[in-house]
Amino acid sequence: MGARSDRTQDPEIIAALLLARRGQAFFSRKLAELRDAELDEPSLLSGWTRRHVIAHVGLNARALTRLTEWAATGVETPMYDSPEARDAEIEFAATLPTRALRHLSAHAAVHLDVEWRDLDPGAWEAVVRTAQGREVPATETIWMRTREVWIHAVDLDNGATFRQFPPELVDGLLTDVERVWHRKHSGPIPVLEPTDRPARTREPAADGAPRVRGRAADLARWATGRGGVAPLERVGGGPVPDVLSWL
Ligand code: ZN
């Protein structure tokens, strides 16, 4: 972006930023392909039009900008005042005139990227708090944005698919989903077994945990709650279990 480059020299952070920026470009491209009238049509998220998705993704960039500014300054600025405030803001922004909605999407993304680019290298380890109350280093804002832009590009429902995602993103999603499942849920947690990846090192499946097998991108789609159970199979036979909630 522009003539200036990231202040951080950490190769892991730079690689993570690249994946987030590719995701932003992917989302922006799918949005640009939609005519104004098509924004009023349903998205893949139940109860949300495409306008809601666009509003949410733009407001998410603003919320992550607040976390990045928190890391930069040490002045606590939460992502959202409350879950209710977050939802009300999405509902309002979804009603913006189309030009303003597109502007929100583009401008919020650029602002976040500038905050990341200019963040003091040492501040990436500063601890901030997510909307769910988790304390994380500022580096986590990159992954939080990455999964938003890529997956919500699919939710726009105009041609983007998980099979178009880069492999490192798909792998990151599978890891993220399994981590969250183990944190949020008790009982048998499904084990994801991608057929197009070398076997990952992991704890052996707990007794009774269903093992679900398929292409990594298809597993990521299903596990993130975007349907698509058909190409998957349960190891040992029987129906693929109901998917657990993720975010
Ligand atoms: Zn989201």
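Up top is the structure.
Presented here is a report on the structure given in the accompanying data block. This structure is a prediction, so every number in the text was calculated from the model and none was measured. (Residues numbered from 1 in each chain as written. Predicted model: local features only at pLDDT ≥ 70, side-chain atom pairs only at ≥ 80, totals over all residues. Heavy atoms only, no water.)

## Concerning the overall build of the protein
Helices and strands together make up the secondary structure of the protein, namely seven helices and five strands. Moving toward the C terminus, one meets the helices and strands of the protein in the order α-α-α-α-β-β-α-α-β-β-α-β. Here the protein has a C-alpha radius of gyration of 19 Å; the compact-globule value for 247 residues is 18 Å, and the two agree. Reported as C-alpha extents along the three principal axes, the dimensions of the protein are approximately 50 × 45 × 35 Å. Residues counted as buried form 46% of the 247 residues belonging to the protein. Carbon and sulfur atoms make up 53% of the accessible area of the protein, which totals about 12500 Å². One way to put it: in the protein the 32 positive side-chain charges average out to a point 4 Å from where the 36 negative ones average out. (Helix = DSSP H or I, 4+ residues; strand = E, 2+ residues; numbered from the N terminus. Rg over C-alpha atoms; globule rule 2.2 N^0.38 Å. Buried < 20%, exposed > 50% of the residue type's maximum accessible area, 1.4 Å probe, protein only. Areas by Shrake-Rupley, 256 points an atom, 1.4 Å probe, with all protein chains shown as cover. Lys, Arg positive; Asp, Glu negative; His and termini not counted. Charge placed at Lys NZ, Arg CZ, Asp CG, Glu CD.)

## Re the side chain of Arg50
Of note, Arg50 is situated in helix 2 (residues 50–73). Polar contacts involving the side chain of Arg50 include one to the main-chain carbonyl oxygen of Glu38, which spans 2.9 Å. For Arg50, the side chain forms a polar contact with the side chain of Glu41, separated by 2.9 Å. Once you skip the residues sitting within four places of it in the chain, Arg50 turns out to touch Leu34, Glu38, Leu39, Glu41, Pro42, Ser43, Leu156, Asp157 and Asn158. (Polar contact = N/O pair within 3.5 Å; in protein donor to acceptor, adjacent residues only side chain to side chain. Contact = heavy atoms within 4.5 Å.)

## Focus: the nonpolar core
Core analysis: the largest hydrophobic core is formed by 67 residues, its most contacted members being Phe27, Trp124, Phe162, Phe165, Leu173 and Trp222. Every element with two or more residues in this core is listed here: helix 1 (11–32), helix 2, helix 3 (83–93), helix 4 (98–118), helix 5 (140–155), helix 6 (167–184) and helix 7 (216–223). It is helix 2 that contributes the most residues to this core, eleven residues altogether. When sequence neighbours within four positions are dropped, the list of residues in contact with Leu173 reads Trp143, Arg147, Ile151, Phe162, Phe165, Ala220 and Trp246. (Core = buried A, V, L, I, M, F, W, Y, C linked by side-chain atoms within 4.5 Å.)

## Side note on the packing of aromatic side chains
Summed over all chains, the structure comprises five aromatic pairs. The interplanar angle of 35° and the centroid separation of 4.8 Å between the aromatic rings of Phe26 and Trp150 together place this pair among those described as tilted. A residue pair is termed long-range when its members are at least 10 positions apart, and Phe26 in helix 1 and Trp150 in helix 5 qualify at 124 residues. Its relative accessible area of 6% is what places Phe26 among the buried residues. (Phe/Tyr/Trp six-rings, centres within 6.5 Å; stacked < 30°, edge-to-face > 60°.)

## Comments concerning the sheet that holds strand 5 (residues 233–234)
Think of a sheet as strands paired side by side through backbone hydrogen bonds, with each pair either parallel or antiparallel. Here three strands make up an open sheet; going across it, the order is 3-4-5 and the pairing mixed. Across the chains shown, the open sheet's two edge strands, defined by having one partner strand only, are strand 3 (191–194) and strand 5. Two strands pair when backbone bridges link them, and strand 4 (residues 211–214) and strand 5 are joined in this way by two bridges, in the antiparallel orientation. Counterpart to Arg213 in the pairing with strand 5 is Glu233. Each of strand 3 and strand 4 touches helix 7; the most contacted strand, strand 3, lies at about 155° to it. (Pairing = 2+ DSSP bridges. Axes fitted to C-alpha atoms, helices over the stretch in contact; angles between N-to-C directions.)

## Quick word on helix 1
For helix 1, built from 22 residues, the straight-helix expectation of 32 Å at 1.5 Å per residue is met to within 8% by its first-to-last C-alpha distance of 31 Å. Along helix 1, the residues that are buried comprise Ile13, Leu17, Leu19, Ala20, Gly23, Gln24, Phe26, Phe27, Lys30 and Leu31. Buried residues along helix 1 sit in contact with helix 2, helix 4, helix 5 and helix 6. (Expected span 1.5 Å × (residues − 1).)

## Describing the side chain of Thr224
Mapped onto the fold, Thr224 is located in the loop between helix 7 and strand 5. Separated by 3.1 Å, the side chain of Thr224 and the backbone oxygen of Arg221 make a polar contact. Other than its neighbours up to four places away in sequence, Thr224 contacts Ile151, Phe162, Val177 and Trp246.

## Re the coordination of the zinc ion
Tetrahedral coordination by four donors places them ideally at 109.5 degrees to one another around the metal; octahedral coordination by six donors ideally gives 90 or 180 degrees. His56 (NE2), Glu148 (OE), Glu148 (OE) and His152 (NE2) make up the full set of protein donors to the zinc ion, lying at 2.0 to 2.8 Å. Between consecutive donors of the zinc ion, the numbers of intervening residues give the motif H-x91-E-x3-H. Of this pair, His56 sits in helix 2 while Glu148 sits in helix 5; the two residues are 92 residues apart in sequence, bridging distant segments of the chain. Judged by relative accessible area, His56 falls into the buried class, the value being 6%. (Donors = N, O, S within 2.8 Å, 3.2 Å for Na, K, Ca; no water.)

No statement about biological role is implied by the geometric values presented.
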